[in-house]
Amino acid sequence: MAETDTLRIPVATLEPFVARIFEAAGCSPAEAARVARYLVAANLTGHDSHGVVRVPRYVEMLANGGVIADRTVETVFENDAMAVIDGRMGLGQTVAPQAVEIGIAKALAGGAAVIALRNAGHIGRVGDWAELAATRGLISIHFVNAHGSVLVAPFGGAERRFSTAPFCVGVPRAGQAPVVLDFATSLVAEGKVLVASNGGKPIPADALIGADGAVSGDPRLLYGEIDGTDRRDARKGPGAIRAFGDHKGSGLALMCELLGGVLTGNGPAGPVAPEQPGQPRVFRNGMLSIYLAPAYFGSAAEFDAAAQAYIDFVRAARPATSDGQVLVPGEPEARARAERGAHGVPMPRAAWDSILAAATRLGVPAP
Ligand code: NAD
């Protein structure tokens, strides 16, 4: 696409504008500011798929009851080592940090904690939750699924069975950004197909699979015909996103569904009960999180020094190409943050127009 079709929006403009939209959609000022901060933070890390492109969908879900503003989580069960937490269909950016804080408190008190979160609205970029735990010096591991979002074909299949079921591990480092591995177990996150369908970065040519088993990069396999509006419905396409990494990625996706979906009580991706007229579309994230405090495994300082020495050893591997470099997970996001923080968030005009349209519908003036 032509460079002129992509705007650069400064964070200082984007974040308060998005917050005003969520306030107009019924969120408290504190929640509106938090949702805006996390969405813009996803853009800053380079994950536009989980950034402000989601605003029209979130607003629609607030309007139709698919998510509920300003929820406090309910503790279904807890002891010193674990808790089962119900997000009560609150916005993910509100209920996920509440669940993470419960895990942090238990892991700091006892060395380890397991937290099952069910019935959360879209929790966005899972790396945010690993980063939150890392700010308190904790390692965390997250298995996530999305009930109601059956999008991904298992290895060997040409029909949807999994959600894009992300997996994430965060390891803190003293005085440095944590190492954060955070990815969808699908070849691409659904949001990346959404971005591509809005004129943004194209997806790889083998990311999708048709009902006939042929691979493709055409977003219409997921959304059906794209009609020039900002409306996309991933239930309408005839195809599926492919699981990444052949049998290994497909197996990890299954584990995210079993742990993040079945064990948490969130429910696996599908099957989904038929939609009832007047009822909002079902979508809920489940997340099984494990929190570990390195101090209980020896000393936090020893872990940090040994982990850093090993990371340095890994990064020092001879690059495979003359202009290449070995990075550790989290580095691409840190680089994007520095560049986008300085120069603004790149925004395809079509995505910006759909956010402006959502704002206009709520009576919020364009910035
Ligand atoms: P991706 O394919 O861009 O992979 C990102 C991961 O790979 C990061 O940990 C990054 O640091 C690492 N990485 C990238 N390039 C690297 C390199 N050269 N060397 C070393 N490490 C490198 O991610 P994705 O699958 O597109 O997922 C994007 C986001 O979508 C994630 O934040 C995920 O949590 C989110 N997501 C959320 C949901 C949900 O239901 N809430 C569903 C799916 C995905």
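Throughout this description, residue numbers start from 1 for each chain and increase along the sequence as written. Local features in a predicted model are, by the rule used here, given only for residues with pLDDT of at least 70; side-chain atom pairs are given and counted only at 80 or more, and totals for whole chains, interfaces and linings are based on all residues. The side-chain numbers reported here are obtained from all heavy atoms of the structure, hydrogens and water having been left aside.

### Looking at the domain arrangement of the protein
Working step 1: In terms of domain boundaries, the protein breaks down into domain 1 (1–64 + 340–367) and domain 2 (72–186 + 243–306).
Working step 2: Annotation comment: domain bounds sourced from an automatic or database domain assignment. Summarising the inter-unit geometry, the C-alpha centres of domain 1 and domain 2 are found 24 Å apart.
Working step 3: Contact definition: two residues touch when any of their heavy atoms are within 4.5 Å. Of the residues lining the interface, 15 residues belong to domain 1; the matching set on domain 2 comes to 10 residues.
Working step 4: Interface area for domain 1 against domain 2, summed over the two sides, is near 1200 Å², with a carbon-plus-sulfur share of 63%.
Working step 5: We define a salt bridge as a side-chain nitrogen of Lys or Arg found within 4 Å of a carboxyl oxygen belonging to Asp or Glu. Where domain 1 packs against domain 2, one counts 0 salt bridges.
Working step 6: Whenever a nitrogen or oxygen atom comes within 3.5 Å of another N or O atom, the pair is scored as a polar contact, on the condition that within protein one atom can donate a hydrogen and the other can accept it, and that pairs from neighbouring residues in sequence are kept only if both atoms are in side chains. At the boundary of domain 1 and domain 2, one finds 5 residue pairs in polar contact (both at pLDDT 80 or more). In short, buried area is how much 1.4 Å probe accessible area vanishes from two parts on joining, totalled over both.

### Thoughts on the site of the ligand
Working step 1: As a matter of local geometry, the ligand sits amid 22 residues, with Asp182, Ala184, Lys192, Gly330 and Glu333 nearest to it.
Working step 2: Between a nitrogen atom of the ligand and a side-chain N or O atom of histidine 50, the distance comes to 3.0 Å.
Working step 3: Elements represented by at least two residues in the shell around the ligand include exactly β8 (176–184) and α10 (331–343). Summary of the distance rule: residues count as near a molecule or strand when at least one heavy atom falls within 4 Å of that molecule or strand. Note on conventions: DSSP H or I runs of at least 4 residues are helices, E runs of at least 2 residues are strands, and numbering of each starts at the N terminus.

### Quick word on empty space enclosed by the protein
Working step 1: Points on a 1 Å grid, built from protein atoms alone, make a cavity when a 1.4 Å probe fits but cannot get out and make a pocket when they are open with protein on both sides within 12 Å along at least 5 of 7 lines; residues with an atom within 4 Å of a point are the lining residues. Grid points are joined across faces, edges and corners, and a volume is the space filled by probe spheres set on the points. One pass over the structure, following the stated rule, counts 1 cavity of 30 Å³ or more.
Working step 2: Roughly 50 Å³ of volume is contained in the largest cavity.
Working step 3: At the level of secondary structure, the elements contributing two or more residues to the lining of the largest cavity comprise α3 (55–64) and α4 (92–110).
Working step 4: Residue classes in the lining of the largest cavity are distributed as 4 nonpolar, 4 polar and no charged. Put simply, Ala, Val, Leu, Ile, Met, Phe, Trp, Tyr, Cys and Pro go in the nonpolar bin, Asp, Glu, Lys and Arg in the charged bin, and everything else, Gly too, in the polar bin.

### Some details on the nonpolar core
Working step 1: In terms of nonpolar packing, the biggest core is built from 51 residues, with Leu14, Phe22, Val52, Val55 and Met347 touching the most fellow members.
Working step 2: Of the residues that make up this core, three or more belong to each of domain 1 (1–64 + 340–367) and domain 2 (72–186 + 243–306).
Working step 3: In this structure, leucine 14 is in contact with Ile9, Val40, Val52, Val345, Met347 and Trp352, ignoring residues within four places of it in sequence.
Working step 4: Counting residues in hydrophobic clusters, the runner-up holds 27 residues, among them Ala83, Ile85, Ala96 and Ala107. By nonpolar core is meant a set of buried Ala, Val, Leu, Ile, Met, Phe, Trp, Tyr and Cys residues that side-chain atoms within 4.5 Å join together. Three exposure classes are used, based on accessible area relative to the maximum for each residue type with a 1.4 Å probe and protein chains only: buried under 20%, partly exposed in between, and exposed over 50%.

### Brief notes about the side chain of asparagine 43
Working step 1: Along the chain, asparagine 43 falls in helix α2 (residues 29–44).
Working step 2: Among the residues examined, asparagine 43 registers a relative accessible area of 2% and is labelled buried.
Working step 3: Among the polar contacts made by the side chain of asparagine 43, one reaches the main-chain amide nitrogen of valine 52 at a distance of 2.9 Å.
Working step 4: When near neighbours in sequence (up to four residues on either side) are disregarded, asparagine 43 contacts Asp48, Gly51, Val52, Arg340 and Val345.

### Focus: the pattern of salt bridges
Working step 1: By the definition in use, this model includes 16 salt bridges.
Working step 2: As a salt-bridge pair, arginine 235 and aspartate 233 come within 2.7 Å of each other at their nearest N and O atoms.
Working step 3: Taking relative accessible area as the criterion, arginine 235 reaches 41% and is therefore assigned partly exposed.
Working step 4: Here the salt bridges do not stand alone but share partners, grouping Arg125, Asp128, Glu131, Asp182 and Arg337 into one network.

### Description of the packing of aromatic side chains
Working step 1: Here a pair means two rings of Phe, Tyr or Trp (six-membered ring of Trp) with centres within 6.5 Å. Their orientation is stacked below 30 degrees between planes, edge-to-face above 60, and tilted elsewhere. Enumeration over the complete set of coordinates arrives at 7 aromatic pairs.
Working step 2: Ring centres of phenylalanine 22 and tyrosine 58 lie 6.2 Å apart, and the angle between their planes is 55°; this geometry places the pair in the tilted category. Of this pair, phenylalanine 22 sits in helix α1 (residues 11–24) while tyrosine 58 sits in helix α3, placing them 36 residues apart in sequence.
Working step 3: On the accessibility criterion, tyrosine 58 (4% relative accessible area) is buried.
Working step 4: Judged by centre distance (6.1 Å) and plane angle (45°), the rings of tyrosine 310 and phenylalanine 313 are tilted. In this pair, tyrosine 310 and phenylalanine 313 both sit in helix α9 (residues 300–315), 3 residues apart, roughly one turn of the helix.
Working step 5: The exposed category is assigned to tyrosine 310, whose relative accessible area is 53%.

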